[in-house]
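Inside the fold
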Amino acid sequence: MKFSVFQLSRIGGRQNNEDRMGYCYTRESGLFVLADGMGGHPQGEVAAQLALETVSALYQKEAKPILRDPAQFLSNALLAAHLQINRYATRKAMLDTPRTTLVAAVVQGNSATCVHCGDSRLYLVREGQLLMRTRDHSFIEQRNAGLTRIEHLNRNILFSCLGSTAKPVFDLTGPIKLMQGDKLLLCSDGLWGSLSDDEIVLQLAGKPVSDAVPDMVESALRVAGDTSDNVTVLAIEWETPDIFESSQVIIADSMLDGEFASTIQTGLLDTKTDDLDEASIERSIAEINEAIRRSGTKKV
Amino acid sequence: MSKVKPSSLPPDTLIGGYRVVRKLSAGGFGVVYLAVDTEGQQFAIKEYLPSSLSSRAVGALLPQVLPEKLSLYRLGLKSFFEEGRSLAQISHGSVVSVLNFFRENETVYMVMNYLEGGTLQDFVITARDLKKQKVFRESTIRSLYDEILRGLRIVHQHKMLHLDIKPANIFITDDNRAVLIDFGAAREVLSKEGNFIRPMYTPGFAAPEMYRRDSSMGPWTDIYAIGACIYASMQGYPPNDAPQRLEKDRLSLALSRLRGIYSDNLIEVVEWCMALDPLSRPQSVFSLQKELSRENERSYTKLTVGEKVRLQFDTVVSDTKKTARKASALATRFK
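This one's a predicted model, so the numbers in the text were calculated from it and none came from an experiment.

1. Looking at the environment of serine 216 of chain B
All names here are of chain B. Mapped onto the elements, serine 216 comes out in the loop between helix 5 (208–212) and helix 6 (219–235). By C-beta crowding, serine 216 is classed as partly exposed, having 15 other C-beta atoms within 10 Å. Setting aside chain neighbours within four positions, we find serine 216 in contact with Glu209 and Pro278.

In structure tokens:
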């Protein structure tokens, strides 16, 4: 498996950056995640961080080295993240729960599968054309799709997210067969709120991701001006034919069995909170037994 | 109000396919059992059951955790995992090995190989009570610590520190292997969070930086403890603790009593390992190993008359001090 990846997050004109992004991969599978902690509720950045950590932790547990069923994994992981956020709010006795959007894509065996909840998006671009993009769980997108007929809508109002008291509504997309040179882009509304789909596609198609991402983020910040929302973008190019110098080119084939790499820092789950949920206890035990097995075989 | 210790599992309890034979030991972190698997092979199983945070009724299986202690309990559990994770990576004859890790009774268990023998502490005490001039022979000390250091080197290679090396944590098996047991990494994490269970160091064996809990800990911290263990193996008693030494260092004086009994080189090694300044100690196990395995002809320096007098004087003074303290203690009692 080989791909180029580039990710960038900028705070814009806000006090905090409540967006979180990251990716992890094994020899034969990759996970890309982005979450946008929601304003209007407390600790959006915590919700986003918890979502990332939960999804990546589950991924690490299950991608050995591939996920058996990416769609199943993504829906489970999304719900686990939702529960994790609620649990956090309960433990902290919060009056209102932290909330976040989530978009996550798994790429393995030449196909991509994606889950999303809220208004963080995934774009898939092939040969300069937009092949697909996710539909936000916002009333305005429902109206655009002819599902709602309310006149004045705030684009920011979502009807689904992670962390709320209601079970999240989410959509699975794929699996979509990928072709060499396909580009996947995950972004928060800071990007698409300022740039049109056409602009995003244009930028993404014309340059290597290591140039396209910073350029896009920069133009989004410029368009939005001083009050810009956080802008976060993660893009990958599948089976990159050429090595682009400044982007991170991942050639996972050389990885060992069981090897795992991640850009997602597990700060929250591990240090700040004492939250060892069932899944992470099981995971720790599995990891230890795996290590025992490995060092045992070394000895023989 | 004294806290009742959680009760250990009774013999014949089945846990994770093992049958408990008896309790081997209990510490702040939990209980260690001797257990057998279905084929009758013996194992030591450590149960996570922190005595200050949990309770268990006699005959019960599930421990109860006080709600207000739950977060510390979970934190401790993480440390227990850390210990397991650390040990799982290492497969070396001089480091206790973890064979399995499982969950049951709402807690976790670490299965280790069962070692038959005794701790170095037991041996030191036995040897000391024989009242011979030497507690251990020098060649015994050299080969024993060579073995321990091989294990410790692997531990350090895995970017871990033991942080509680002491004779009680060095196990001598019946087939004469020395094995490092009871990995303190777990305790280390806990102590950072404060207020947990018990002091996280053993006086006499803990380097000065352990008391400070700052970032200056490193391989040299374990090396201090090794020096202190060698000291105890020569002297029969642990050395003064680091705070005492910082106030008034009598290490050289105490070691000079061993001159002529143990080689100058071995005495120097102990002084080197136990330097109060971390930077003055061997910085790696390897450099210590090199020094310890030097096969040069050993030279012994007898004490000079002056030194003998000073030693004697020192004994007299400390005896007088003791007598004086006793006397004043008596005096206060009679007031």
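2. Digging into the sheet that holds strand 1 (residues 14–15) of chain B
Residue and element names in this part refer to chain B. Taking strand neighbours across the sheet as the criterion, the six strands line up as 1-2-3-4-8-7 in an open arrangement whose pairing is antiparallel. With one partner strand each, in any of the chains shown, strand 1 and strand 7 (98–104) form the two edges of the open sheet. Pairing of strand 1 with strand 2 (residues 18–26) involves two bridges; the strand directions are antiparallel. Opposite isoleucine 15, over in strand 2, you have tyrosine 18 as the bridge partner. In this fold helix 1 (residues 70–88) packs onto strand 4 (42–48), strand 7 and strand 8 (107–113), with an angle of close to 155° to the strand it touches most, strand 7.

3. Considerations on the sheet that holds strand 10 (residues 170–173) of chain B
Residue and element names in this part refer to chain B. In space, the three strands of this open sheet follow the order 9-10-11, with antiparallel pairing throughout. If you trace the sheet from one side to the other, it starts and ends with strand 9 (117–119) and strand 11 (178–180), each paired once. For this sheet, the mean angle separating the axes of adjacent strands, direction not counted, is 25°. Contacts from helix 2 (residues 120–129) reach strand 9 and strand 10, with the element oriented near 85° to strand 9.

4. Examining the interface of chain A and chain B
Across the contact, 14 residues belong to chain A and 19 residues belong to chain B. Here the side of chain A that touches chain B is composed, by residue class, of six nonpolar, four polar and four charged.

5. Re the confidence of the model for chain A
Residues and elements named next belong to chain A. Of all residues in chain A, 85% have pLDDT values of 70 or greater, and the mean over the chain is 84. Within the model, pLDDT remains below 50 along residues 242–247, and this stretch shows 12 contacts once partners closer than five positions in the same chain are excluded. Segment residues 268–274: pLDDT under 50, and 13 contacts once partners within four positions in sequence are set aside and those in other chains are kept.

6. Regarding the confidence of the model for chain B
All names here are of chain B. When pLDDT is averaged along chain B, the result is 82, and 84% of the positions lie at 70 or above. Residue range residues 185–199 is modelled with pLDDT below 50. Its contacts to residues more than four positions away, or to other chains, number 29 contacts. Low pLDDT (under 50) marks residues 331–335, which in the prediction has zero contacts with non-local residues, meaning those over four places away or in another chain. Scored as a whole, the predicted complex attains pTM 0.53, and scored at its interfaces, ipTM 0.71.

7. Section: the pairing of strand 5 (residues 111–117) of chain A
Residue and element names in this part refer to chain A. The buried count for strand 5 comes to six of seven residues, which makes it a mostly enclosed element. The pairing of strand 4 (residues 102–108) with strand 5 spans seven bridges and is classified as antiparallel. Bridge pairing in strand 5 places valine 107 opposite alanine 112. What sits between the antiparallel neighbours strand 4 and strand 5 is a turn of two residues, in which glycine 109 has the positive phi angle 50°. Strand direction decides the pairing type here: strand 5 and strand 8 (residues 171–177), joined by five bridges, are antiparallel. Its bridge partner being in strand 8, cysteine 114 is matched across the sheet by threonine 173.

8. Quick look at the packing of helix 5 (residues 197–206) of chain A against helix 6 (residues 209–224) of chain A
All names here are of chain A. At a closest axis distance of 8 Å, the pairing of helix 5 and helix 6 adopts a crossing angle of 150°. Put simply, helix 5 runs roughly antiparallel to helix 6. Handedness of the crossing formed by helix 5 with helix 6: right-handed. Of the residues in helix 6, those touching helix 5 at Ile200, Gln203 and Leu204 are Ala212, Asp215 and Met216. Of the residues in the contact of helix 5 with helix 6, the class split is four nonpolar, one polar and one charged.

9. Quick word on helix 6 of chain A
Residue pairs three or four apart in sequence face the same way in an α-helix, which turns once every 3.6 residues. All names here are of chain A. Compared with the 22 Å implied by 1.5 Å per residue over 16 residues, the 22 Å span of helix 6 between its first and last C-alpha is a close match. The set of residues buried in helix 6 consists of Val209, Ser210, Ala212, Val213, Met216, Val217, Ala220 and Leu221. Buried-residue contacts for helix 6 involve strand 1 (2–10), strand 9 (183–187), helix 4 (189–192), helix 5 and strand 10 (231–238). One or two residues past the end of helix 6 sits glycine 225, with phi positive at roughly 70°.

10. Some thoughts on the environment of leucine 52 of chain A
Residues and elements named next belong to chain A. With respect to the helices and strands, leucine 52 occurs in helix 1 (residues 44–62). Residue class for leucine 52 comes out buried when judged on the 29 C-beta atoms lying within 10 Å of it. Residues leucine 52 and methionine 21, spaced 31 residues apart in sequence, show a C-alpha to C-alpha distance of 7.3 Å. In this structure, leucine 52 is in contact with Arg20, Gly22, Val33, Ala35 and Ile264, ignoring residues within four places of it in sequence.

11. Description of unusual backbone geometry
Residue proline 65 of chain A is bonded to the preceding lysine 64 of chain A through a cis peptide linkage, with omega at -10°. For proline 65 of chain A, the position within the fold is in the loop between helix 1 and helix 2 (70–91). The peptide bond linking glycine 174 of chain A to proline 175 of chain A adopts the cis configuration, its omega dihedral lying at 5°. Unusually for a residue other than glycine, glutamine 43 of chain A sits at a positive phi of about 50°. Tracing the backbone through its elements, the reader meets glutamine 43 of chain A in the loop between strand 3 (29–36) and helix 1. A positive phi angle, close to 65°, is found at asparagine 176 of chain B, a residue other than glycine. Of note, asparagine 176 of chain B is situated in the loop between strand 10 and strand 11.

Here is what the cut-offs are and how they apply
Residues numbered from 1 in each chain as written. Chains lettered and ligands numbered in written order. Predicted model: local features only at pLDDT ≥ 70, side-chain atom pairs only at ≥ 80, totals over all residues. Helix = DSSP H or I, 4+ residues; strand = E, 2+ residues; numbered from the N terminus. Buried ≥ 20, exposed ≤ 12 C-beta atoms within 10 Å, placed from the backbone. Contact = placed C-beta atoms within 7 Å. Pairing = 2+ DSSP bridges. Axes fitted to C-alpha atoms, helices over the stretch in contact; angles between N-to-C directions. Nonpolar A, V, L, I, M, F, W, Y, C, P; charged D, E, K, R; others polar. pLDDT = per-residue confidence, 0-100. Parallel < 35°, antiparallel > 145°, perpendicular 65-115°, else oblique. Left-handed = near helix turned anticlockwise from the far one by under 90°. Expected span 1.5 Å × (residues − 1).

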